[in-house]
Amino acid sequence: MSESIAVIEQGGVLEIHIDRPDKKNALTGPMYRTMTAALADASARADIGVVLFAGRGDAFCAGNDLKDFMAGPEGGAAAFAFIRAIAAFDKPLVAAVQGLAVGVGTTMLFHCDLVYAAPDARFIMPFVNLGIVPEAGSSLLAPAVMGHAKAAAMLMLGEPMDAEGADRAGFVTAIVPADTLLDHARAKAAALMAKPPQALAATRRLMKGDPAALTARIEEEARLFQQSLASPEAQEAFTAFFEKRPPVFKRG
């Protein structure tokens, strides 16, 4: 278990707070494992009806802690276990997002049903910039949610999307003032808890559709992600990142 993840129960809602504000809530292997365990616990318990994700401090989640992720295979395994868990989770998911949401900090939100964003929210999927490919099914879900052109700007160019752009693209449910963001998300989670649980669950399953295509895409992304990590492009991209210089990629 990780001390950088706080798990709180409140009125049938399980809140998972990413609590590493000094590192912009960048995720480590132990943090992933704690969140995966919390989702498993919430799925198994009849008294928990909704899960709410939030981040402490001025960022939601800066993605993977790259030093931890590159230290060995453990970090990658923990990350993909969390991705599989959130994609397969069978109860409503709510998110309160402020500041940076980078990499998995954005892709995990495609699996949330209600996403509330502060005006300063900034969504970034810089996978190609790092010489790797998208994960969490985002190569399938991003074009489905926001259209190919907007998804291409984020996934191929690595361009950020601000809160207003995410609202227009249908990626977030609403923009909420930062000082009321968490309370607003909690109120919506409580509203979900008050709904007829069987009808709500059935409606969510209908909206999500057949999970086979998403599961297959997640596994294909995972295969290519692991393959690309060992590529010369990724090695150059990560080296340049840590050396704080522009990467130089070879063609041909």
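See the structure printed just above.
Below is a short write-up of the structure. Residues take numbers from 1 onward in each chain, read along the sequence in its written order. Note on the predicted model: pLDDT of at least 70 is required for a residue's local features to be given, and 80 or more for side-chain atom pairs to be given and counted; whole-chain, interface and lining totals, by contrast, use all residues. Hydrogens and water molecules were not included; the side-chain quantities draw on all heavy atoms of the structure.

Overview of the packing of aromatic side chains
Going by this rule: In this analysis, rings of Phe, Tyr and Trp, with Trp reduced to its six-membered ring, are considered paired at centre separations within 6.5 Å, and the interplanar angle assigns stacked below 30 degrees, edge-to-face beyond 60, and tilted for intermediate values. A run of DSSP states H or I qualifies as a helix once it reaches four residues; a run of E qualifies as a strand once it reaches two. Both are numbered from the N-terminal end. For every residue, the accessible area obtained with a 1.4 Å probe (protein chains only) is divided by the maximum for its type, and the residue is called buried under 20%, exposed over 50%, and partly exposed between those limits.
Under the definition given, this model contains 6 aromatic pairs. Aromatic side chains Tyr32 and Phe82 sit 5.8 Å apart centroid to centroid with 45 degrees between the ring planes, which places their arrangement in the tilted category. Taken together, the residues span a long stretch of sequence, with Tyr32 in helix α1 (residues 29-44) and Phe82 in helix α3 (residues 73-88) at a distance of 50 residues. Phe82 matches Tyr32 in its accessibility class, with the two residues each being buried. Measuring from ring centre to ring centre gives 5.3 Å for Phe80 and Phe225, while their planes differ by 80 degrees; the resulting arrangement is edge-to-face. Within this pair, whereas Phe80 is found in helix α3, its partner Phe225 is found in helix α10 (residues 212-229), the two being separated by 145 residues in sequence. Phe80 sits in the buried class, given a relative accessible area of 6%.

Considering the pairing of strand β1 (residues 5-10)
What counts, and what does not: One bridge is not enough; two strands pair if DSSP finds at least two bridges between them.
Judged from the 6 bridges that link them, β1 and strand β2 (residues 13-18) form a sheet pairing that is antiparallel. Bridge assignment links Gln10 to a residue of β2, and that residue is Val13. Where β1 hands over to β2, the hairpin turn is made up of 2 residues, of which Gly11 adopts a positive phi near 60 degrees.

Let's talk about the environment of His17
Looking at the element boundaries, His17 is found in strand β2. Judged by its relative accessible area of 3%, His17 falls in the buried class. The spatial distance from the C-alpha of His17 to the C-alpha of Ser4 is 8.4 Å, given a sequence separation of 13 residues.

What to know about unusual backbone geometry
Despite not being glycine, Lys24 shows a phi value in the positive range, around 55 degrees. Counting through the fold element by element, Lys24 comes out in the loop between β2 and α1. Accessibility expressed as a relative area gives 35% for Lys24, which makes it partly exposed. For Lys244, which is not a glycine, the phi torsion comes out positive at approximately 55 degrees. Counting through the fold element by element, Lys244 comes out in the segment after α11 (232-243).

Let's talk about the pairing of strand β4 (residues 93-97)
Within β4, 5 of the 5 residues are buried, which leaves it mostly tucked inside the rest of the structure. Residue alternation in β4 divides its side chains into two sets, Leu93, Ala95 and Val97 and Val94 and Ala96, and both sets are buried. For strand β3 (residues 50-55) and β4, the ladder comprises 4 bridges, and the chain directions are parallel. For Leu52, the partnering residue across the bridge sits in β4 and is Val94.

A few points about the pattern of salt bridges
Rule in force here: For salt bridges, the criterion is a side-chain nitrogen of Lys or Arg within 4 Å of an Asp or Glu carboxyl oxygen.
Enumeration over the complete set of coordinates arrives at 13 salt bridges. The closest approach of N and O atoms between Asp19 and Arg56, which form a salt bridge, is 3.1 Å. Pair noted here: Asp19 is in the loop between β2 and α1 and Arg56 is in the loop between β3 and α2 (66-70), with a separation of 37 residues, a long-range link. Judged by its relative accessible area of 28%, Arg56 is partly exposed. Shared partners join several salt bridges into a network, and the residues in it are Glu9, Asp41, Arg45 and Asp47.

Here's the deal with the sheet that holds β4
Strand order in the open sheet made by the 6 strands is β1-β2-β3-β4-β6-β9, with mixed pairing throughout. At either margin of the open sheet sits one strand with a lone partner, and together these are β1 and β9 (174-175). Here β4 runs beside strand β6 (residues 114-117); their pairing, made up of 4 bridges, is parallel. Counted as the bridge partner of Ala96 is Tyr116 from β6.

A word on the sheet that holds strand β8 (residues 161-162)
Taken in spatial order, the 3 strands of this open sheet run β5-β7-β8, and their pairing is mixed. With one partner strand each, in any of the chains shown, β5 (100-102) and β8 form the two edges of the open sheet. Of the pairings in the sheet, the one linking strand β7 (residues 122-124) to β8 comprises 2 bridges and is antiparallel in character. Following the sheet pairing, Arg122 is matched in β8 by Asp162.

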